[in-house]
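Structure assessment
Residues per chain are reported as follows:
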Amino acid sequence: MENLIWDGVPAQRTRKSEKYDFAVVTMSAIDKPGAGRKFTFNKAAQSVLGINGEDRVSFGFSTDRTIIAVRKAAGDAGLKLTKTCTLSDKRTYDFIAKILDLDITQETDLEIVASNGLLTLSRLTATEAAPFEVEEEETYISAPAVEPVQDAVESFELASEVEEEEEEVFEMPVSESEESTEDVW
C-alpha cells in the first residue's frame, strides 16, 4: 500500500507541453471539407518574432518562390493573430502548401530559421523533427483529512416505516387589490 496517495485526487487534465524547443510554425491538417487553414506559432516562434497575441505578422515570398519569410508586421499591415498566436488565412495557407508541395491532409511543421537577415520558413524533415519531450506532472487536488469513526452504529429506516409529520399551513392575509380582482374574474 506504499504506492497510494492519500488525501488527494489526481486531476483529469494534463498540462499542454511544447512539441519543439525551437521556433516552429505549424500548419494544421485539413481533414474535412471546409476545415480552417490554421497556422500556430509555438512559444519559441513567438519569442523569435517578438509577437504576442493579437499582434500582426506578414509572410513574404521571393519571386522565384524559393524563400518564404515571416516577420512581425507594423501597424495594420499583415494578418492579425488570435490571443493564442494562431491565424487562419486560406490564400496564404494554400500558397505555401503549393510552393512546398505539402500533403495538406497531414499537419506540417515549418522551422523558422535566420537566413541573410530574414526569418525564413523551412520544412522539417522526420530526422530534424525530434520532438522536445517535457515530462508531464500529475496534479493532485487535496481533500481534508478524515478521522475514522470508531464504534459507529449504523441506523436506517425504510421509507414505509417513517411516519410523516403534519406541517402547519398558514394562510396569507388577502390584500385589497387581490380582493377586488376576485370579483372581476
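These remarks concern the structure in this document. Every value quoted in this text rests on a predicted model; they were computed, and no experiment measured them.

This brings us to the overall build of the protein chain. A tally of regular secondary structure across the protein chain gives 3 helices and 10 strands. Ordered by position in the sequence, the α and β elements of the protein chain form the string β-β-β-α-β-β-β-β-α-β-β-β-α. For the protein chain, the residues scored as buried account for 23% of the 185 residues in total. Sequence-distant contacts, at least 24 apart, represent 61% of the contacts inside the protein chain between residues at least 6 apart.

Okay, the pattern of salt bridges next. Close approach of charged atoms allows side chains of opposite charge to pair. Applying the stated criterion to the full structure yields 5 salt bridges. Of the charged contacts in the structure, one is a salt bridge between Lys19 and Asp109, with a shortest N-O distance of 3.4 Å. One end of the pair, Lys19, is in the loop between β1 (8-10) and β2 (24-27); the other, Asp109, is in strand β8 (residues 108-115), and 90 residues separate them in sequence. Salt bridges here are not isolated pairs; linked through shared partners, they connect Lys19, Glu107 and Asp109.

Once that is clear, we can look at the environment of Leu121. By the element assignment, Leu121 lies in strand β9 (residues 118-123). Between the C-alpha atom of Leu121 and that of Leu110, which follows or precedes it by 11 residues, the distance is 5.7 Å. Apart from residues no more than four positions distant in its own chain, Leu121 is found in contact with Val25, Phe59, Ile68, Val70, Leu110, Glu111 and Ile112.

So, about the pairing of strand β5 (residues 68-72). Two strands pair when backbone bridges link them, and strand β4 (residues 56-61) and β5 are joined in this way by 5 bridges, in the antiparallel orientation. Note that in β5 the partner of Val57 across the bridge is Lys72.

Enumeration according to the criterion identifies 4 aromatic pairs in this entry. Aromatic side chains Phe39 and Tyr93 sit 5.8 Å apart centroid to centroid with 70 degrees between the ring planes, which places their arrangement in the edge-to-face category. Here Tyr93 lies in helix α2 (residues 90-99) and Phe39 lies in strand β3 (residues 38-41), a separation of 54 residues in the sequence. Among the aromatic residues, those joined into a cluster by ring pairs are Phe39, Phe59 and Tyr93.

Among the nonpolar cores identified, the biggest contains 24 residues, and Phe39, Phe41, Phe59, Ile112 and Leu121 are the most heavily contacted of them. At the level of elements, β2, β3, α1 (43-49), β4, β5, α2 and β8 are the ones that each hand at least two residues to this core. The element best represented in this core is α2, accounting for 3 residues. Aside from chain neighbours lying at most four places away, what touches Phe39 is Val25, Thr26, Met27, Phe59, Cys85, Thr86, Leu87, Asp89, Thr92, Tyr93 and Ile96.

A word on unusual backbone geometry. Of note, the phi angle at Arg65 is positive, near 60 degrees, even though the residue is not glycine. Following the sequence through the fold, Arg65 ends up in the loop between β4 and β5.

This part takes up the side chain of Ser58. Here Ser58 shows up in strand β4. Residue Ser58 is classed as buried on the basis of its relative accessible area of 14%. Apart from residues no more than four positions distant in its own chain, Ser58 is found in contact with Ala69, Val70, Arg71, Ala73 and Gly78.

Position of Thr108 relative to the elements: it lies in strand β8. According to the relative accessible area criterion, Thr108 is buried, its value standing at 10%. A polar contact is formed between the side chain of Thr108 and the backbone oxygen of Gln106, at a distance of 3.5 Å. Residue contacts for Thr108: discarding those within four places in its chain leaves Val25, Thr26, Met27, Leu102 and Asp103.

Cut-offs applied
Residues numbered from 1 in each chain as written. Predicted model: local features only at pLDDT ≥ 70, side-chain atom pairs only at ≥ 80, totals over all residues. Heavy atoms only, no water. Helix = DSSP H or I, 4+ residues; strand = E, 2+ residues; numbered from the N terminus. Buried < 20%, exposed > 50% of the residue type's maximum accessible area, 1.4 Å probe, protein only. Contact = heavy atoms within 4.5 Å. Salt bridge = Lys/Arg side-chain N within 4 Å of Asp/Glu carboxyl O. Pairing = 2+ DSSP bridges. Phe/Tyr/Trp six-rings, centres within 6.5 Å; stacked < 30°, edge-to-face > 60°. Core = buried A, V, L, I, M, F, W, Y, C linked by side-chain atoms within 4.5 Å. Polar contact = N/O pair within 3.5 Å; in protein donor to acceptor, adjacent residues only side chain to side chain.

Keep in mind these numbers describe shape, not what the thing actually does.
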